[in-house]
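What the coordinates show
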Amino acid sequence: MNKILSLKTIGFLTAVAFITLSLFLVTGCNRSTASVPLKGKIILSTTTSTQDSGLLDFILPEFTRQTGWEVDVVAVGSGAALRMGRDGDADVLLVHARTDELQFVADGFGSLRYDVMYNDFLIVGPNLNTIAHNNNVIKTLQDIASVNLPFVSRGDDSGTHRMELTLWQTAGINIGNLRNYSSVGQGMGSTLQMADEMQGFTLTDRATWLILMRDKKINLPAVCENAPELLNYYGVILVNPERHPHINTEGAQDFVNWMITPFAQQLIGQYGLEEFGGALFTPNADAN
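Report on the accompanying structure. (Residues numbered from 1 in each chain as written. Predicted model: local features only at pLDDT ≥ 70, side-chain atom pairs only at ≥ 80, totals over all residues. Heavy atoms only, no water.)

1. Brief notes about unusual backbone geometry
At aspartate 157, a residue that is not glycine, the phi angle is positive and equals roughly 60°. As for its placement among the helices and strands, aspartate 157 is situated in the loop between β5 (151-153) and α7 (159-170). Its identity is not glycine, yet glutamine 199 carries a phi of approximately 55°, on the positive side. By secondary structure assignment, the location of glutamine 199 is in the loop between α8 (188-198) and β7 (202-205). Using a relative accessible area of 43% as the deciding quantity, one classes glutamine 199 as partly exposed. (Helix = DSSP H or I, 4+ residues; strand = E, 2+ residues; numbered from the N terminus. Buried < 20%, exposed > 50% of the residue type's maximum accessible area, 1.4 Å probe, protein only.)

Listed below in structure tokens is the structure:
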């Protein structure tokens, strides 16, 4: 009898262990196993950093599986993304220019805006003894300007470009007086590669920089980082259907709702952990 009971016990424990392992694998990977039927498409206008960093490739398939909405991504600078929203050329926006985002909503072009995540900017450039690694943004920019070192600006009215201009102004430097300042009108990835080719400096978001450094597409070490003024906040905005009745309001609303769910927030917080030892984006929907 004891042997029979032991075998039954072993069988029961084995089954429990299998179920527990299965649940761990599903929840640990933070991926759903079921999908809903496809409903249609939404147009997401977003920044080049969310695409170049690989974040969208990481989260959007899960959004589609859970909601049935496929996503057509238009990756441009935040300024251009906001213009697309004003013109009704996108259903939903994911951008990082908080002041302009709030104005976009205040002007009636967006009906909702939520905090989603943040990362940070940093100044990167070639290894030069003239620029020491530090966390003083103003000193770094003043040092670059004082010896006329090459600086490559996105020049595309993106959130990164707007932040760069603000930092130059705060440093008391007129970029019109910089002989080696180049405004290239490109996204973050292209700007970093141009800065590398020119042996120049640039302001970048950390996620895109890490990806290109990993892939050995650039060799531009950080020269200024971890300063409070370099935090980079992203918001998700539903384009106002009262202004543009043709937009896919249902799909856009589903995207906004999904991005601030605990599931999506956890997914965002996992991106980069395994490869870089730290998340490339920090979820912050709890700030809403």
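Alright, that's what it looks like, and here's the rest.
2. Describing the pairing of β7
Burial of the side chains of β7 extends over both faces: Thr202 and Thr204 are buried on one face and Leu203 and Asp205 on the other. Across four bridges, strand β4 (residues 110-124) lies against β7 in antiparallel orientation. From the neighbouring strand, phenylalanine 121 faces β7, where its bridge partner is aspartate 205. (Pairing = 2+ DSSP bridges.)

3. Some words on the pattern of salt bridges
Taken as a whole and judged by the stated rule, the model has 14 salt bridges. Among the salt bridges present, the one from arginine 206 reaches aspartate 120, with a minimum N-O distance of 2.8 Å. Of this pair, arginine 206 sits in helix α9 (residues 206-214) while aspartate 120 sits in strand β4, placing them 86 residues apart in sequence. In this structure, arginine 206 and aspartate 120 share a single accessibility class: buried. With a shortest N-O distance of 2.8 Å, arginine 214 and aspartate 215 are connected by a salt bridge. For arginine 214, a relative accessible area of 36% corresponds to the partly exposed category. Connected via shared salt-bridge partners are Arg83, Asp100, Asp157 and Arg162. (Salt bridge = Lys/Arg side-chain N within 4 Å of Asp/Glu carboxyl O.)

4. Points about the side chain of threonine 160
Within the secondary structure, threonine 160 sits in helix α7. Taking relative accessible area as the criterion, threonine 160 reaches 2% and is therefore assigned buried.

Note that every value here comes from positions in space, so none of it alone points to a role or purpose.
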